[in-house]
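Fold and geometry: a report
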Amino acid sequence: MTLALYGKTRRRQGILVMLGLFAVFAALIGGVAVQKEAKAVSFTLSTTNGTFPSLSGGTCVVGLGTQEVHWGDTEGTGCPSTANQSGYKWNGIPAADSFNDGETVYLGRFTHFNRPINGGTSISGATMNVNLAFSAPGVVTAPITITLAHEETSNSGSYSNCAYQIAGDSTPCPDRVVPTVPAGTAFTVGAVQYTLQLVAFERDADGACPALPTSETFTPSFVTAEGQENWGCLY
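All values derive from a computational prediction rather than experimental measurement.

All right, on to the overall build of the protein chain then. Within the protein chain one finds zero helices and 18 strands. The proportion of buried residues among the 235 residues of the protein chain is 45%. Counting contacts in the protein chain only where the partners sit at least 6 residues apart, residues at least 24 apart contribute 63% of the total. Just so you have it, the protein chain exposes about 10,700 Å², and 51% of that area is on carbon and sulfur atoms.

This next bit is on the sheet that holds strand 7 (residues 68–71). With antiparallel pairing, five strands are arranged side by side in an open sheet as 7-8-10-18-16. The open sheet terminates on both sides in strands that have one partner only, identified here as strand 7 and strand 16 (201–204). Across the sheet, the axes of successive neighbouring strands diverge by a mean angle of 20 degrees, strand direction being ignored. Two strands pair when backbone bridges link them, and strand 7 and strand 8 (residues 86–92) are joined in this way by four bridges, in the antiparallel orientation. Counted as the bridge partner of Trp 71 is Ser 86 from strand 8.

Now for the environment of Gly 227. Turning to its location among the elements, Gly 227 is positioned in the loop between strand 17 (222–224) and strand 18 (229–234). By relative accessible area, Gly 227 is classed as partly exposed at 34%. Spatially, the C-alpha atom of Gly 227 lies 5.3 Å from that of Asn 114, the residues being 113 residues apart in sequence.

Looking now at the pairing of strand 12 (residues 140–151). Covered by surrounding structure in strand 12 are Val 140, Ala 142, Ile 144, Ile 146, Leu 148 and His 150 only, the residues Thr 141, Pro 143, Thr 145, Thr 147, Ala 149 and Glu 151 on the alternate face being uncovered. Taking the residues that link successive antiparallel strands as the turn, the strand 11 (residues 123–136)-strand 12 hairpin has three residues. Looking at chain direction, strand 12 and strand 13 (residues 175–180) are connected through five bridges and run antiparallel. Residue pairing for strand 13: His 150 is matched across the bridge by Val 177.

This part covers the pattern of salt bridges. This model, assessed by the stated rule, comprises three salt bridges. The salt bridge partner of Lys 89 is Glu 68, with a shortest N-O separation of 3.8 Å. One end of the pair, Lys 89, is in strand 8; the other, Glu 68, is in strand 7, with 21 residues separating them in the sequence. On the accessibility criterion, Lys 89 (22% relative accessible area) is partly exposed.

Below, the discussion takes up the packing of aromatic side chains. Each aromatic ring pair is specified by the distance between its two centres and by the angle formed by the two planes. With the rule as written, the count across this model stands at twelve aromatic pairs. Summarising the aromatic geometry, the rings of Phe 43 and Tyr 194 are spaced 5.8 Å apart at their centres and angled 85 degrees between planes, so their arrangement reads as edge-to-face. In this pair, Phe 43 sits in strand 6 (residues 42–57) while Tyr 194 sits in strand 15 (residues 192–196), placing the two residues 151 residues apart along the sequence. Note on accessibility: Phe 43 and Tyr 194 belong to one class, buried. Judged by centre distance (6.2 Å) and plane angle (55 degrees), the rings of Phe 110 and Phe 222 are tilted. Residue Phe 110 is located in strand 10 (residues 108–113), and its partner Phe 222 is located in strand 17; the two are separated by 112 residues in the primary sequence. The pair formed by Phe 110 and Phe 222 is uniform in burial state, with each residue classed as buried. Members of the aromatic cluster, each reached through a chain of ring pairs, are Phe 52, Trp 71, Tyr 88, Phe 110, Phe 201 and Phe 222.

A few words on the nonpolar core. Counting residues in each nonpolar core, the largest one holds 40 residues, and the members touching the most others are Tyr 88, Phe 110 and Leu 132. Mapped by element, the contributors of at least two residues to this core are strand 6, strand 7, strand 8, strand 11, strand 12, strand 14 (185–189), strand 15 and strand 18. Sorting elements by how many residues they give to this core places strand 11 first, with six residues.

Each value, and the rule that gives it
Residues numbered from 1 in each chain as written. Predicted model: local features only at pLDDT ≥ 70, side-chain atom pairs only at ≥ 80, totals over all residues. Heavy atoms only, no water. Helix = DSSP H or I, 4+ residues; strand = E, 2+ residues; numbered from the N terminus. Buried < 20%, exposed > 50% of the residue type's maximum accessible area, 1.4 Å probe, protein only. Contact = heavy atoms within 4.5 Å. Areas by Shrake-Rupley, 256 points an atom, 1.4 Å probe, with all protein chains shown as cover. Pairing = 2+ DSSP bridges. Axes fitted to C-alpha atoms, helices over the stretch in contact; angles between N-to-C directions. Salt bridge = Lys/Arg side-chain N within 4 Å of Asp/Glu carboxyl O. Phe/Tyr/Trp six-rings, centres within 6.5 Å; stacked < 30°, edge-to-face > 60°. Core = buried A, V, L, I, M, F, W, Y, C linked by side-chain atoms within 4.5 Å.

The following block contains the structure:
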């Protein structure tokens, strides 16, 4: 995702843009781009911790309100271990990151664990909260709420009949997660108000999110093969 911050006082307006769990920052004065002689605003992003405070439906739920949540019954006689349940996980940035106007910043990684679970035990949606904690130019937290629509599919029948298919996969059937990302959220540092704008949420093939997004786009959905994981990088 791309994150944009807009700062405003009576005399100037600052713009901060972050891409995909990265952020790009650009400063504006009176709606006109600031020239090189203008002093850049420096930001330090300390942490990007996230939690899953709520789910829609689901049985045998484990980890609600934490950074990793699981659900689903595979046995019918009791709840299985989380290793055998479907789930979501959020990993924030590994260390503090400093950047100036016009630069790009990574915000974190979303993981979907798709495990074969019994029908009627899955969720249909979830809420993911990510708190961006800044230590400069001021100490402030900017919250982001992303909603996740979850579509659980049947694990029986022919793969050719699966609603969602993945090249090279043959195990019925992949599940789908559809994220809804907010347009922006406002916060204030001193006398300056900023609006945070996310600009990229991209699928990553191996979970090793790059420092920069490959494009400023939002993946419309994440389709995960049965028994596998899928990753999304936020900028």
